[in-house]
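Here is what each chain is made of, one letter per residue.
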Amino acid sequence: MLPPSAAPSDCDYCGLPVAGGTAGDGPRYCCLGCRFAAGITAARGDDGEARWMMARLGLALFFTMNVMVFTMVLWSAPEADPAGSAAAARVFYDLARHACLLFSAPVVLLLGGPLLAEAADEVRRGRGGVGLLLMLGVGAALAISVRATWAGEGHVYFEVACTVLVAVTLGRWLEASGKLRTTEALRSLRSLLPDTVRRVDGAGETRVALASVALGDMLRVLPGEHVPTDARIVTGRAAIDERAVTGESEPVEKGQGDGLWSGSLDLDGELLVEVVAPPGAGTLERLIDAVTDAARRGSRRQRLAGTIAAWFLPLVVVVALGSLAFHWHRRGPAAGVLAGLAVVVVACPCALGLATPLVLWAAIGRAARRQILIRDGDALFRLARARTFCFDKTGTLTTGSRVEGVERAAAAARHGLADDAALVSLAAGLATGSTHVHARAVVDEARRRGCVPVALAEVRTFPGRGVEGRRGADAAPVRLGSGTWTGDAPADGPCAVSTLCVAGTVVGRLRFAETVRPEAAATAAALAARGARLVVLSGDRRGRVDEVAAALGMAGEARLLPEEKLARIEALRGDGGVVMIGDGINDAPALAAADVGVALGCGADVSRWSAAVCLLRDDLSDLPWLVDLAARSERTVRWNLLWAFAYNAALVPLAAAGQVHPALAAAAMLASSVLVVAGSLRLADDGGAAVEEAR
Amino acid sequence: MMEWPLLVASGMLGSAHCLGMCGPLALALGTASRGWRTNVLRQSAYSAGRLFTYVVLGGIAGCAGARAARGLEGWANVPALLALAAGGLLVVQGLLAAGVLRRRGVGGGACPGGAAFRALLASRGLGDAFLAGLFTGLLPCGLLYGMVALAAATHDLPAGMLTMAAFGLGTVPAMMAAGIGGTLLGVAARRHLHAVAAWCLVLTGCVSIVRGAGFLDLGTEPPGCPLCAPQGDAAPAAAEPG
């Protein structure tokens, strides 16, 4: 039941960071709840163990309720029988006290263990704190009560010890379950990788653990199985579903020599593959690591809350000890212990520390399930505040492109390009090195015409301009790209044009036709309805940009070089945050410069992403959904933090003043935990569900 | 004190409205049982667990009501105010169930505790069924809170416990039926029962409001149900504060 790649400083149960201390031996838990919940799920499949832990909590609850009933009887007794005989009252009191003692003993036995372990862990890590104080408080309340029962006089506080034990365990356990639920989406991604694989060697086929696989090993993958790590097909042919990695729902046919990404699904063929990435370094693992890292790094606000919590804890310890001393001095030891315990229980650090991380994990996991990868926690909250959305045009608002016409210049023949096919072959030789939509269209056109791309040396991509290479035959520099870059006369027609130059001379032009994405209009309308300003920032000619911008109801800015795009983004920033939506590679600088970069169809290579958010499915309509999710996350975090501050600000002083009974404090703490956890879980479960349904 | 039959009836009919949330739990308990007899036993243990939690909650509410009444004596007529609040809560619950009022937002959001005791529901032991019932009694439920407020309005420990016991006993038949037979009644019959249940809740709430208002007005606790025949003998002297 381990979360995605628990780092040394992360909780072994929920995967969230453990505050303070370095890794020691044995499992590490961030809180009492994780320790308890880890016990419940320790032996997966072992229902007996899980049931026993639940039954433990249930039994403790049952005995605590009994203790409370007898305590209430003790409290109500004087009114029911004000004039009763002293002896009868004494016997009655003694009976009730002993009943309380009898029922609280099992509670201490059942739930005292985890609390004791937590306290011991705190001492070992050298950050004695709330767990230790809780244990001391509960112990003191019990000691006073046992002594009073023994002596047959004085107040008993068994109900305090029991309710605190039950409420703290129940509350932390609810939080731990909540944390586990929010990280579930990421875990389910990782579960696509099998635990064992079929390794084929000289001795035949053996089943071995995935972790023991090394580079160059041969594995057999059967239909219906997931590819365990990045590999290359040695023999066999199959349709491969790469949805988990690329978001592409259409299966891809792959055969000998083709590469496979970890996590992709073999649909129909038996394959023998060679491992090209060691387990843990495969594409899917790198994708998950990128997202998990974002969640783990947290957000600025989370770090702020963490800092405040780090200051808050010692403060709580000081206040608790202070009220213990004060009330002990003024009203006796019992009052002192109760006041101190109430402070610790009320401030039991949960809501404040949990407020942001729970929401962040929930939102990132929820998005990941929809194949939206968020690599930066802060980006989510910035997205919620952003007012301006800038779109790249080619490949973002328009989908694909095809070569509509090939035009040869007079100089073509001089450079050995006798016909259109030769020109397309040369252009395709440059275009194979680029992922730009026009480049892809050129390669498609070459394939359609049956032209073999010319082999070129020193091919380099100039983002926003074009591709350059050197022809093998005469070492002449060859360029394919925009008119301004290739030295061609800029032509402002309705079509996009790429110019091909050889040795500085224009030899031909390729005209492209493009189509607006089918979902672009609905996305633009949805964003506009949310009050967003929409701008098209494009390097393309004015005619084309204006046409697309007008069709989608956006403002359009044409003929922008990459650095000019950066300047425009800076200029637009005055009005709230700027979101840049573009192609993951060509628009890298603009994506990095915007407050939030959103890349479409970034492909499988995580290391090449420059955007904080990636829409793997290559579907623009994920954008309004994401904006809604961000807004909901922002609201939930605000509400959580507000609640945590208000709750602590109101109840800690009251508890310090001795005005809050520890049992009541336990109930308040439990309610606070439930509120924060339930709010965040709603986000994980149905965040943006309405938008999804509307699609 | 409020007359018990109406409370039992509220529980009995009100639980028809609660089956949406707790019914699946009882059903899960049933599917994990082997044979009809063990199922009845397990359902009984489950209901006993719920009842136990309800009675303790009633006791806490009654005790808290008594403390508040004593603490604020001379400032506010706490029992009367609690009766008014409880009545309001129950009327709202009834109107929600009847469909007169619309719930805002998504109702019954994710309850992290709900799935938690699934292990207990799936186990075969009677004790586990009892503990599952114990936890079920703590699940959030508007009807339950209304009844707990009513128990608080009694401002008396035994009366509070009795109020919740009467309500809890009322919920047993519907829950047992849900857990054993799944669907003993047809859809139409259930819809009718649902409607009757909703208005029964409204009625209970109205009784509580009228009593609270009367108490607030007169300063003395009304002896019985204002809608029923005069029950002068029902005024319990022990329930008077002080």
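The structure presented is a predicted model; accordingly, all values stated were derived computationally and were not measured. (Residues numbered from 1 in each chain as written. Chains lettered and ligands numbered in written order. Predicted model: local features only at pLDDT ≥ 70, side-chain atom pairs only at ≥ 80, totals over all residues. Heavy atoms only, no water.)

### Focus: the sheet that holds strand 1 (residues 196-201) of chain A
Counted only if it meets this: Any two strands are treated as partners once DSSP identifies two or more bridges connecting them. Only DSSP runs of H or I reaching four residues or more are called helices, and only runs of E reaching two or more are called strands; each is numbered from the N terminus.
Spatially, 2-1-3-9-4-7 (chain A) is the arrangement adopted by the 6 strands of the open sheet, whose pairing is antiparallel. At either margin of the open sheet sits one strand with a lone partner, and together these are strand 2 (204-209) and strand 7 (259-260) of chain A.

### Let's talk about the nonpolar core
Condition: Take the buried residues of types Ala, Val, Leu, Ile, Met, Phe, Trp, Tyr and Cys, join any two whose side-chain atoms come within 4.5 Å, and each joined set is a nonpolar core. Only protein chains enter the area calculation, which uses a 1.4 Å probe; residues under 20% of their type maximum are buried, those over 50% are exposed, and those in between are partly exposed.
Among the nonpolar cores identified, the biggest contains 79 residues, and Leu134(A), Val164(A), Val345(A) and Tyr46(B) are the most heavily contacted of them. In terms of nonpolar packing, the next biggest core, distinct from the first, is built from 78 residues, Ala238(A), Ala294(A), Ile372(A) and Ala379(A) among them.

### A closer look at unusual backbone geometry
Residues and elements named next belong to chain A. One non-glycine residue, glutamate 458, lies in positive phi territory at about 50°. Mapped onto the secondary structure, glutamate 458 falls in strand 13 (residues 456-462). One non-glycine residue, alanine 503, adopts positive backbone phi at about 50°. Position of alanine 503 relative to the elements: it lies in the loop between strand 16 (496-502) and strand 17 (505-516). Taking relative accessible area as the criterion, alanine 503 reaches 42% and is therefore assigned partly exposed.

### Some points on the sheet that holds strand 5 (residues 238-241) of chain A
All names here are of chain A. Taken together, the 3 strands give an open sheet; going across it, the order is 6-5-8, and neighbouring strands pair in antiparallel fashion. The two strands at the open ends of the sheet, each matched to only one other strand, are strand 6 (252-254) and strand 8 (265-266). Bridge count between strand 5 and strand 8: 2 bridges; the pairing is antiparallel. When the sheet's bridge partners are listed, aspartate 241 is paired in strand 8 with leucine 265.

### Some points on the confidence of the model for chain A
Regions with low pLDDT carry predicted coordinates that are not meant to be interpreted in detail. Put simply, the test is: pLDDT is a per-residue confidence score from the predictor, ranging from 0 to 100. Here, residues are in contact when the closest pair of their heavy atoms is within 4.5 Å.
In this model, chain A carries an average pLDDT of 79, and 83% of its residues clear a pLDDT of 70 or more. Between residues 1-8 of chain A, whose pLDDT stays under 50, and residues either more than four places distant or in other chains, the model counts 25 contacts.

### A closer look at the packing of aromatic side chains
Operational definition: Pairing of aromatic side chains requires ring centres within 6.5 Å, counting the rings of Phe and Tyr and the six-membered ring of Trp. Pairs whose planes differ by under 30 degrees are stacked, by over 60 edge-to-face, and all others tilted. Placement of a charge over a ring requires the Lys NZ or Arg CZ to be within 6 Å of the ring centre, with the centre-to-atom vector within 35 degrees of the ring normal.
Counted by the stated rule, this structure contains 9 aromatic pairs over all chains. Ring geometry for Phe462(A) and Trp485(A): centres 5.2 Å apart, planes at 45°, overall tilted. Here Trp485(A) lies in helix 16 (residues 483-486) and Phe462(A) lies in strand 13, a separation of 23 residues in the sequence. Members of the aromatic cluster, joined through ring pairs, are Phe62(A), Phe63(A), Phe70(A), Phe103(A), Phe52(B) and Phe130(B). Just above the ring of Trp261(A) sits the side chain of Lys254(A); from NZ or CZ to the centre is 5.3 Å. Positioned over the ring face of Trp485(A) is Arg479(A), at 4.1 Å from the centre of the ring.

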